[in-house]
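# Summary of structural features
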Amino acid sequence: QSAADSAAIRATALDYIEGWYEGSGERMERALHPELAKRIVNTNPNGRNSLGQQGAMTLVNNTKAGGGKSTPAEQRRKDVKVLDIFGNTASVRVDASTWVDYLHVAKWNGRWVIVNVLWELRPQ
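Residues numbered from 1 in each chain as written. Predicted model: local features only at pLDDT ≥ 70, side-chain atom pairs only at ≥ 80, totals over all residues. Heavy atoms only, no water.

## Quick notes on the pairing of strand 5 (residues 99–108)
Both strand 4 (residues 89–96) and strand 5 contribute to a ladder of seven bridges, which runs antiparallel. By the bridge assignment for strand 5, V92 is matched with L103. The turn joining strand 4 and strand 5, which pair antiparallel and follow one another in sequence, is formed by two residues. Pairing between strand 5 and strand 6 (residues 111–121): 10 bridges, direction antiparallel. Bridge pairing in strand 6 links A106 to V113. Here strand 5 hands over to strand 6 after two residues, with N109 in that stretch at a positive phi of 50 degrees. (Pairing = 2+ DSSP bridges. Helix = DSSP H or I, 4+ residues; strand = E, 2+ residues; numbered from the N terminus.)

## Structural notes on the pairing of strand 2 (residues 49–55)
Pairing geometry for strand 1 (residues 32–43) and strand 2, over seven bridges, is antiparallel. By the bridge assignment, R39 is partnered in strand 2 with Q53. Between strand 1 and strand 2, which pair antiparallel one after the other, the connecting turn spans five residues, and G47 there sits at a positive phi close to 85 degrees.

## Let's talk about the packing of helix 1 (residues 3–22) against helix 3 (residues 56–64)
Here helix 1 crosses helix 3 at 40 degrees, and the two axes come no closer than 8 Å. The angle between the axes of helix 1 and helix 3 places the two elements in the oblique class. Between helix 1 and helix 3, the residues in contact are Y16, G19 and W20 and L59, N62 and T63, respectively. (Axes fitted to C-alpha atoms, helices over the stretch in contact; angles between N-to-C directions. Parallel < 35°, antiparallel > 145°, perpendicular 65-115°, else oblique. Contact = heavy atoms within 4.5 Å.)

## Comments concerning the packing of aromatic side chains
For the structure on display, the rule yields one aromatic pair. When the ring of Y21 is compared with that of W99, the centres are 6.4 Å apart and the planes differ by 50 degrees; the resulting orientation is tilted. Of the two residues, Y21 is situated in helix 1 and W99 in strand 5; the sequence distance between them amounts to 78 residues. W99 matches Y21 in its accessibility class, with the two residues each being buried. (Phe/Tyr/Trp six-rings, centres within 6.5 Å; stacked < 30°, edge-to-face > 60°. Buried < 20%, exposed > 50% of the residue type's maximum accessible area, 1.4 Å probe, protein only.)

## What about the nonpolar core?
Residues Y16, I17, L32, V92, L103 and I114 are the most contacted members of the largest nonpolar core, which totals 27 residues. Of all elements in the fold, only helix 1, helix 2 (25–31), strand 1, helix 3, strand 3 (78–86), strand 4, strand 5 and strand 6 reach the threshold of two or more residues within this core. Per element, the largest residue contribution to this core is six residues, and it comes from helix 1. For L103, the contacting residues outside a window of four places in its chain are A13, Y16, A90, S91, V92, V94, I114, N116 and V117. (Core = buried A, V, L, I, M, F, W, Y, C linked by side-chain atoms within 4.5 Å.)

## Structural notes on a nonpolar patch on the surface
Residues V41, L51, L83, Y102 and L118 make up a contiguous nonpolar surface patch of roughly 440 Å² in combined accessible area. Locating V41 in the fold gives a position in strand 1. (Patch = residues over 30% accessible without salt bridge, like charges linked within 9 Å, V, L, I, M, F, W, Y side chains within 5 Å. Areas by Shrake-Rupley, 256 points an atom, 1.4 Å probe, with all protein chains shown as cover. Salt bridge = Lys/Arg side-chain N within 4 Å of Asp/Glu carboxyl O.)

## Regarding the pattern of salt bridges
Counted by the stated rule, this structure contains 10 salt bridges. Its salt-bridge partner being K78, residue E18 comes within 2.9 Å of it at the nearest N-O pair. Separated by 60 residues along the polypeptide, E18 in helix 1 and K78 in strand 3 bring together distant segments of the chain. The class for E18 is buried, based on a relative accessible area of 17%. With a closest N to O distance of 3.9 Å, D95 and R77 form a salt bridge. Of this pair, D95 sits in strand 4 while R77 sits in the loop between helix 3 and strand 3, placing them 18 residues apart in sequence. Of the residues examined, R77 reaches a relative accessible area of 36% and is grouped as partly exposed.

Here it is as structure tokens:
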């Protein structure tokens, strides 16, 4: 792992979360692999789980539509922690306003991009 890779991974995570808050589809799209899978485990009132999921273009389009722009500036948390880098893969935690994202990032054609996101809402 190099300092350049660490910086590039962090920049990718910031494109993702800051892009969301800014409504910048360009930044979001730059951060994502085209086959991204973003998932959350939902629990219904009966305690049964289901998997909520979206792909890259859904996330990009939701970002362009204003996504996180309604989040007040003082609540736009964007704490990025690179948890591990191994070869061309990395794991990153992003602490955002009302949720936490765990990102799987890969070096793809010379660029670090997000391949998977598993996220969880913070307790109210």
